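Chain residues, written in single-letter form:
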Amino acid sequence: MSKQFEKLSGLLKELFQTNQADLDFGIYRVINQRRDEINRFLDEELLRQVKTAFSQYDSLDKKQKEKQLAEAIESAKKAGLENPDEAPAARKIREEIASYAVDLTELENQVYSALYNFFSRYYDEGDFISQRRYKDGVYAIPYEGEEVKLHWANHDQFYVKTTEHFRDYSFQLPSGKRAHFKLSEAEVEKDNRKEAEDKKRRFILSAEPISWLGNEPVFHFHFQGDEQSRSQTKCNEASIEVIYKLREKEKDKAKKDVLLELATPVPTEKNNKRTLVEKHLEDYTKRNTQDYFIHKDLGKFLRRELDFYIKNEIMQLDNVENETAPRVEQYLSKVRVIRLIAHRLIDFLAQIEDFQKKLWLKKKFVVETNYCITLDRIPEEFYSEIAANDQQRKEWVRLFSIDQIKKGDLFKVEYSEPLKTEFLKANSFLVVDTFFFDVGFKYRLLEKLDNLDAQMNGVMVQSENFQATTLLKSRFENQIKSIYIDPPFNTVEETFLYKNEYKHSSWAAMMIERLSILRDLLQEDGVIEVAIDDFELPVLINLCELVFGKENHLGNLVIEIKPSGRTNDEFLATSHEYLLIFSKNPGRVEINFFGLTEDQKQAYKQEDAAGAFKWRDFLRTGGYSTPFERPNSYYPIFYDEKTNGISLEKKKGWAEILPIDSNGKQRVWRKTPPSFQQHLEKGEIQVVRNREGTWKVQIVDRLKDGIRPKSVWVGSKYDASSHGTKLLQNMFGEARVFSFPKSLYTVKDSLFVVSSSSDDIVVDCFAGSGTTGHALIDLEREDGESRRYILVEMGKYFDDVTKPRIEKAIYSRDWKDGKPIAREGISHAFKYIKLESYEDSLNNLQLFRSADQQLALDSNADFRNDFILRYMLDVEAKGSLLNIEKFNTPFDYQMLIADGTVGEAEAKNVDLVETFNYLLGLHVKTMRYLDGVVVVRGNTGDDRNVLVMWRDVSKMDNAALTKFFKQGIASDLSEVTDIYVNGDHNLANAKTKDDSWNVHLIEEAFHRLMFEETGEG
C-alpha cells in the first residue's frame, strides 16, 4: 500500500467521520454503527477498484516488460548472439516499453494524489467550502450575468448553530472504558452580544472536578466568564494539569489505571506531545463554541467542482497533442479512473450530508405544549382546583408577589395559604399556567374555549428559529402583518459563532435562510423591520434586497439608543443603531402617524368646516428650495389688493409676486401651479402684507391626525439603558437580568408605525428577553388594539426571563424591585410550546438492519458497496426519525430530549397532537378529550374544514372507534371536508351518501408533511 493511498485513506476517514470511533453522540454514533463496513470499503474495496480499473494495462506494466526484456537478453546471450541487446526479441520489447508500457504503480499513485488534492481542497474542519480555483490564489464564483452579484463563502450551506447547545461528551479509552465531560453549570449570555467585552466565557473545570460512574470518570465543567481573561487553550491547559494531579492523588488502583489512560499519546505534526485527554478537551470546547454548516446539495456541488478540477488541472492539452495514441489512451484512462472513484466517494459524502440536511429540514416535534391564561377568561368552576394548586400559588408569589396583598381599600380579600377562591375572583388578571396542572385539567379547560387559536393573544416557541419558523410556516404563511427582529449584531469578538475567517459569511448564511422564510410569512401589505448596527449593515441591506427586492426597501431608521455614546470606540462614540424596513408590496403598505403633542395642537387655532388649521408661509426655504433644484415650483403669482383677487394669470394692474426671500434670493413655492390652483379653489390661499410692507403668500396648514415618522429618532425614551436594562431590573428585582435589551419604547414605536389592528399578527423570531411581546401588551393598554404575537427564542433564559416577562407585563404595567407598583392587569392568553432540536434529532438516531437485509448485502458485493455508499443511512435510520408503528399509542410516543442547554437527554413524551396541528397548518377551533379520544376541529389555509381524531388503538379498536364516531361525532359533520384518524380503521364504511368528507390516515399525512422541504431557501 503506497504512501499516497494511505494519505488519501486517512483524509477519507476524516471526511466520512470514521476516525472518530471513540465519540458517542450525534452523527458520530450513527456512523460508528457501520464504521467497520465503511473502513473496509476505504481500505480494501477502494484499492481493488482502482487496480481493477487499470487491469487492462496489466500486460503492459512497465516493470513486467522490463523483466521480459532482461529475460530476452539473457536468452540471446545463451544462444551465443554477438550483440544480445540488439536481438530481435529484445528490440521488440524495448519498442513496446517506449510506445506502450505503463508504470501502473505510478499511475495508481497519480490517481490517489489527484483525489487527495481534490477532496482536501474543499474540506475545512467538517464543512465543504466552495473554493473553485480560477488560477493560483484566485477563486471563481458562480456568476449568471446579474447586474450586481452578492456572494459569500457559505452561500450554499445551512448555518446550523446559532447559540450554544451544551451537550455531554463521551469518548472511549484504550481499555474500552469511557470518559465523560459533563457541563454542570453554564452562564449563558443573551441578546445581540453574547459576551461582556472584558469577561469572556470559557469552559473551566469545576471546583469539584470529578465524579465516577462505576470505574468511568466524569469531569465536571462550568461555562462562565474567566476572571483571568485567559484563552480557551490556556483554560484547557489548566484543566489538564488538574486532571493529571487527580491521577496522582487517586488511591483506588482501578480508577488510577483509568486516569493513566488519559495520558495515552495522540501526537500530531504540530503537537507531538498531545495526549488523549488533550485531544478530546480541545474537540469538546470547540464543538460547543464554533458554528458548523450543512451543505444544501453536496453531491451536485462536488460533481460540478470535480469536472472543473479535472478539465483545468488534470487534463493538460500538451499531454494530448504531443503523445502517441496509446499514451493518450493511457492518459485518458487515468482521468476516467479519477472520475469514477471520485464519483463513488462523492456518493457517500453526499449521503452523509444529505442525511444531515434531511434532519435539519425535517419539521420538528412539539415536545411540550402549555397555556397561560388570565383568570378572567377561565370559568369559575375551575377556581377551587386552581386555588388548591400549591405549585401555581408559589409561582404567583415568585412572579407577582401576591403574598404582599393585604386586605384594604384596594384589595377586599387578603392573601392566604392555601389560596381562597374569593382571592382568585378579586385578582382576575393572575396568569394561570397549565404547566402546573395535569393533562386532564388542561383538556377540560381547553374544552371551554371555543375558537381556541383566535382566543390566544400570542404563541411563544422555545426553539432554534429556523426550525420554529419552518414548522409554523404551514399555519401562518401569508398571514403576518409585521415582523420585528433583532438578530445578533456580530460586532465584537465571539459575539457571533463563526468558523475561522468566515465571520461575515457565517452571519450572512444564518440570516438569508431566516429572512427567506419570514418573507413567506408576510401578508401582501406586511412589513419586516430588522435591527442592526454598522458592522453588518452593508451585508444586511444586500441580503434584504436579495430576498425582498431592492424596490421593496421602504427606508432605514436611525435610532439613538445610547445618548452618551460608547466610551470604548476608537474614533467616534457610537450612539445609534439602525432599523431596516422592507415589504413584499410597497403599494399596499400603510404607515401609521405618531400623534400630535398638546403644544403642536395649540398652534392650530383657526377652524372652518374642514377642521382646525393655521396659515403657513407659501415660500419654501432651506434645502432643495432654489429654481435650479425645483424648476416646476418657480412661477409668478398675481394679486389685486382692491378685490383680494389671486391668480396665476397675468392681469393688468395686478401685482406680480415672485418667490424671493428677505435677502433677495430666488426661492420656490411649496406647490406646483396645478396644486396651487386646487388650494386656491378651496379658499386655502391668501396674500397678506408682512412687516416690511411687501406681499406674503400663505397656504392653509390643517391639523393632521399625526406626524409622519421621520428617519431619525432621538429622545430619552429610546435609551436602551434606562428603558431596557433598568426596566428589566425593576421587573425582576435583579441587577443583571439580560444583556443589552432594547428600549421598550424603541420596539413600541417601531411596531406602532406598521401595525394598528387587532387582526394583526407580529412575529419576532429573535425574541431575546421578550421586548416585542411586552411592547404589544403595552400598546393594547394604550389603544385597545389586541395585536397578536409569535415569539421564538432558543436560549435557556426562555424559562427564566422571556416567558416570565410576558406574564409580568400582563399582570402589571409598572414594576419596582421585582414587585408590581399597581396591579392593573389586562385580559390575555398565550400558548407556549417547546420543539425538538436538531441535536435531539441526531441523538435519537439508531440504524437498524434486518437479517434479510443483511443476507441480501452479503450475497452481492457490488450491491453491498452501492447500498453503503448511497442508501444506508436513509434506509436504516428511517424508524428512528419517525416511528409510525408507535402511532397506535400516540399519547406515549417518546424521544430523548435534552432539557434546556445543560444536562443529559431524558425520555419525554412528544405532543403528536400539537405537532400534527402545525403540520396541517390547522387554525384550531376546538380541542376536546372525549372517551379517551382527542378530537380537534379547525380550518386550513386552503379552506378545508378538518376533523382530527387521536386514539389509543390498544384501548379503542376499530369497532369501538366506529361506534364512538357514529354516536358522538357523525351528527355534526355537515361542513367537514377531511377527517384524519390514527391507526387502521373502517370509518370510510360509516360514510353516507349525503356525506362529502374524505378520511385519511394520520400516519401517512404526518410522514409526508414532516419531510416536505418547505424550509429550504
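What counts and what doesn't
- Residues numbered from 1 in each chain as written.
- Predicted model: local features only at pLDDT ≥ 70, side-chain atom pairs only at ≥ 80, totals over all residues.
- Heavy atoms only, no water.
- Buried < 20%, exposed > 50% of the residue type's maximum accessible area, 1.4 Å probe, protein only.
- Helix = DSSP H or I, 4+ residues; strand = E, 2+ residues; numbered from the N terminus.
- Pairing = 2+ DSSP bridges.
- Expected span 1.5 Å × (residues − 1).
- Axes fitted to C-alpha atoms, helices over the stretch in contact; angles between N-to-C directions.
- Phe/Tyr/Trp six-rings, centres within 6.5 Å; stacked < 30°, edge-to-face > 60°.

Asker: For the pairing of strand 32 (residues 829-835), give the residues involved together with the corresponding values.
Answerer: Taken across its 7 residues, strand 32 has 7 buried, putting it largely inside the fold. Where burial is concerned, the two faces of strand 32 agree: the one with Ala-829, Lys-831, Ile-833 and Leu-835 and the one with Phe-830, Tyr-832 and Lys-834 are both buried. Summarising the sheet, strand 13 (residues 458-462) and strand 32 pair through 5 bridges and their orientation is parallel. Bridged to Val-459 within strand 32 is Lys-831.

Asker: So what's going on with helix 7 (residues 232-249)? Residues and values would help.
Answerer: For helix 7, spanning 18 residues, the distance from its first C-alpha to its last is 26 Å, which sits close to the expected 26 Å at 1.5 Å a residue. Listing the buried residues of helix 7 in full gives Gln-232, Cys-235, Asn-236, Ser-239, Ile-240, Ile-243, Tyr-244, Leu-246 and Arg-247.

Asker: With reference to specific residues and values, describe the sheet that holds strand 36 (residues 933-939).
Answerer: Pairing within the open sheet is mixed, and its 5 strands lie in the order 35-36-37-38-39. Whereas interior strands pair on both sides, the edge strands pair on one side only; in this sheet they are strand 35 (923-930) and strand 39 (998-1001). Each neighbouring strand pair of the sheet contributes to a mean axis angle of 20°, computed without reference to strand direction. Here 6 bridges tie strand 36 to strand 37 (residues 945-950), and the two strands are oriented antiparallel to one another.

Asker: With reference to specific residues and values, describe the packing of aromatic side chains.
Answerer: Inspection of the entire model under this criterion finds 40 aromatic pairs. Ring geometry for Phe-400 and Tyr-811: centres 4.3 Å apart, planes at 25°, overall stacked. Taken together, the residues span a long stretch of sequence, with Phe-400 in helix 14 (residues 390-400) and Tyr-811 in helix 26 (residues 797-811) at a distance of 411 residues. With a relative accessible area of 0%, Phe-400 lands in the buried category. A centroid spacing of 6.0 Å and a plane angle of 15° characterise the contact between Phe-594 and Phe-752, whose relative ring orientation is stacked. With Phe-594 in the loop between strand 17 (576-583) and helix 21 (598-602) and Phe-752 in helix 24 (residues 744-754), the pair connects residues that are 158 residues apart, well separated along the chain.

Asker: Please set out unusual backbone geometry residue by residue, giving values where relevant.
Answerer: The peptide bond linking Glu-417 to Pro-418 adopts the cis configuration, its omega dihedral lying at -5°. Secondary-structure assignment places Pro-418 in the loop between helix 14 and helix 15 (421-426). Unusually for a residue other than glycine, Asn-644 sits at a positive phi of about 60°. Residue placement: Asn-644 occurs in the loop between strand 21 (637-640) and strand 22 (645-647).

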